[in-house]
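Residue-level structure breakdown
Next come the chains, spelled out residue by residue.
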Amino acid sequence: IDIEGHPYQLVLLEDSTELIDLQHMLESEKTHLEDRVVERTYELEQQITQKKTAQIKLEKMALTDTLTALPNRAAFEVQLQHALDRSRTDTAYKFAILFIDLDGFKIINDTFGRHTGDELLQEISHRMQSIVRGSDVVARIGGDEFICLLHTPGGESRIVTMAKIFLNEIAKPIVLSGNRKMSVSASIGICAGTGNETEASRIMTMSDLAMYEAKHRGKNRYEIFSESMWQQMQENVSLTSKMDQAFENKEFMPYYQPICDLDGNIIGAEVLSRWCHEGEMIPPGKFIPVLEQRGLIRKYTNNLIENVVQSLQQYEHLPRVSINLSIQQFYDEDFLAKVDQIFDKSPELRQRTSFEITESMFNQDPELIMYKINQLSERGFKIYIDDFGTGYSSFAYIRKFTADVVKIDREFVMNIEQSEKDLQLLKGMIALMKSLDMEVVIEGVETKQQLDKIRALEQTVKIQGYYFYKALPLEQFLAVLENPQQRYLNG
Ligand code: C2E
Ligand code: CA
Ligand code: CA
């Protein structure tokens, strides 16, 4: 039968002792149940307190970076929002933020291990905290990214001084456990709040852009945010949105700029990329950086190499062609394998292909770059050092790997007609490279006068410049190879 929703079994009793037994049984069951309830309530209460403590701990953790005990990004954004709100009501109040990103930290982490990296980050955060006033905020917002909020920092020169102090303190040698010495540098983006900004995230982006510019200009330095950086970013965003389509529609085209001897005979060519988008020609200076930022440059360059190899196969009279490599190629573990795969069917084409690298690549991870360059060199590719004279670190490394050709940057040619000093500098550079057994290509020769000056210095140098040819689409390049008198001059 069913009583108040519980099923009961009806038992017919003849013996009253049996009834008493049953009653006892029921009672003991009841006490047992009551005990269980008390016990369970206690357990639940315990669990709730534990949960509460955990919650508080979690909330704290959500605002603090566990490694350095500095505020994290979320905490920083709250602080920055306060500063923003205040700057809008209190005209006397100003603030500035410094976006600080360590240079080459990933390499340290990868080479010496995470533990070393952690130790280094802890030391750097101590140093940064010791620089600022108590009310200022230093936060860690990413692996090796820090951000600092300075309240009423004074004028721009005071902010810049602060940035310099940061650079200085960070660059001091660090002694890690086991008495290991190490040093790092940082790139800093500065953004001074004007009181017109509305969102914290926008200001963070502004300082990030300035930091990126500092990296771009050679690291271990600061840059102040400017509107042009914002415009540049927007332009990049717009290019980015067109990029997928560009790959699909094959809008990228290799152009070939002939490299000549002093008489204008074509002895080689450099492949220069062009992007034709809806009738508009987007120059490589604009889209290559975007390909790099988006991590698409590897795919892009692989396609380009394949394309060049095809042309070399098809047109046997094409001279040696050089291809620009981006630094990201060297961090791509599959790059050499990819190159091997592309040249697998016709290894003899390696002799007709060369790769251009820039000096500035050696700023980052010279050992790795040198290793890969030597690997390419051993496979029979010629190595060109591009834009020579515009980087800083070349002399130290040039001794350690084989480069076959050095391309002297246009900057050193532009003024040789007017400036005797420039002419002598060019002469010295050529002599130095020759003495190191390297061929010399001079870039950006635009006039007959420049050519004559160069001819008077050295007979064996090669010339790449508008005076002889600008970069040409493949068909036109093939045409000038057929008929070398035909010149495509500047324009
Ligand atoms: P770069 O490697 O230094 O190439 C030489 C640049 O100088 C080319 O600009 C060329 O058109 C220009 N030039 C050559 N002769 C003269 C001259 O007489 N006067 C002047 N004023 N300029 C001259 P372009 O084609 O705009 O390329 C710019 C840069 O973009 C290149 O500089 C190179 O760093 C990069 N780039 C181009 N194509 C590629 C590519 O496929 N991959 C990569 N990673 N970078 C590329
Ligand atoms: Ca080049
Ligand atoms: Ca160059």
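Just so it is clear, the model here is predicted, and its values are computed rather than measured.

Reading the values: rules and limits
- Residues numbered from 1 in each chain as written.
- Chains lettered and ligands numbered in written order.
- Predicted model: local features only at pLDDT ≥ 70, side-chain atom pairs only at ≥ 80, totals over all residues.
- Heavy atoms only, no water.
- Near = heavy atom within 4 Å.
- Polar contact = N/O pair within 3.5 Å; in protein donor to acceptor, adjacent residues only side chain to side chain.
- Areas by Shrake-Rupley, 256 points an atom, 1.4 Å probe, with all protein chains shown as cover.
- Helix = DSSP H or I, 4+ residues; strand = E, 2+ residues; numbered from the N terminus.
- Expected span 1.5 Å × (residues − 1).
- Buried < 20%, exposed > 50% of the residue type's maximum accessible area, 1.4 Å probe, protein only.
- Core = buried A, V, L, I, M, F, W, Y, C linked by side-chain atoms within 4.5 Å.
- Contact = heavy atoms within 4.5 Å.
- Donors = N, O, S within 2.8 Å, 3.2 Å for Na, K, Ca; no water.
- Pairing = 2+ DSSP bridges.
- Right-handed = clockwise from strand over helix to strand, strands pointing away.

Attention shifts here to the site of ligand 1. Near ligand 1 lie 19 residues; those nearest to it are Ser273, Arg274, Asp386, Glu446 and Tyr466. Gln257 is positioned such that a nitrogen or oxygen atom in its side chain is 3.0 Å from a nitrogen atom of ligand 1. At a separation of 2.5 Å, a nitrogen atom of ligand 1 approaches a polar side-chain atom of Glu446. Protein chains shield 80% of the accessible area of ligand 1, which is 800 Å² for the free molecule. Per element, the largest residue contribution to the shell around ligand 1 is four residues, and it comes from strand β11 (residues 266–277).

Between its first and last C-alpha atoms helix α9 (residues 297–314) spans 25 Å; for 18 residues at 1.5 Å apiece the expected length is 26 Å, and the two agree. Among all positions in α9, only Ile297, Tyr300, Thr301, Asn302, Leu304, Ile305, Val308, Val309, Ser311 and Leu312 are buried.

As a further point, take the nonpolar core. Counting residues in hydrophobic clusters, the biggest one holds 77 residues, and the most contacted among them are Met243, Ile357, Ile442 and Ile454. If one sorts the elements of this core by residue count, α9 sits on top with seven residues. What Ile357 contacts, discounting residues up to four positions off in sequence, is Leu325, Phe330, Phe362, Ile373, Ile383, Tyr384, Ile385, Asp386 and Phe401. Among the nonpolar cores identified, the runner-up in size contains 31 residues, and Leu102, Met162, Ala163 and Ile170 belong to it.

On the protein side, the calcium ion (ligand 3) has Asp386 (OD), Asp387 (OD), Glu443 (OE) and Glu443 (OE) as donor atoms, found 2.2 to 2.4 Å from it. Taken in chain order, the donor set of the calcium ion (ligand 3) reads D-D-x55-E. Separating the calcium ion (ligand 3) from the calcium ion (ligand 2) is a gap of 4.1 Å, which Asp386 spans by donating to each of them. Placement of Asp387 in strand β15 (residues 382–388) and of Glu443 in strand β17 (residues 439–443) is noted, with a sequence separation of 56 residues between them. Residue classification places Asp387 among the partly exposed residues on the basis of a relative accessible area of 24%. Assessed through its relative accessible area of 11%, Glu443 is described here as buried.

To continue, consider unusual backbone geometry. Non-glycine residue Asn179 carries a positive phi angle of around 60°. Considering the arrangement of structural elements, one finds Asn179 in the loop between β6 (174–176) and β7 (180–182). With a relative accessible area of 64%, Asn179 lands in the exposed category. Unusually for a residue other than glycine, Lys219 sits at a positive phi of about 70°.

Strand residues, when the strand is regular, have side chains that alternate between the two faces of the sheet. Across the five residues of β17, four count as buried, placing the element largely inside the fold. In this structure, strand β16 (residues 405–408) lies alongside β17, joined through four bridges in parallel fashion. Directly across from Val405, in β17, lies its bridge partner Glu439. Handedness of the β16-helix α14 (residues 420–435)-β17 crossover: right-handed. Pairing between β17 and strand β18 (residues 462–464): three bridges, direction parallel. By the bridge assignment for β18, Glu443 is matched with Gln464. With helix α15 (residues 448–457) bridging β17 and its parallel neighbour β18, the resulting β-α-β unit is right-handed.

This part covers the coordination of the calcium ion (ligand 2). Looking at the metal site, the calcium ion (ligand 2) is ligated by Glu270 (OE), Asn324 (OD1), Glu356 (OE) and Asp386 (OD), spaced 2.2 to 2.3 Å from it. All donor residues of the calcium ion (ligand 2) come from one chain, and their arrangement in sequence is E-x53-N-x31-E-x29-D. On the basis of relative accessible area, Glu270 is assigned to the buried category, the value being 3%.

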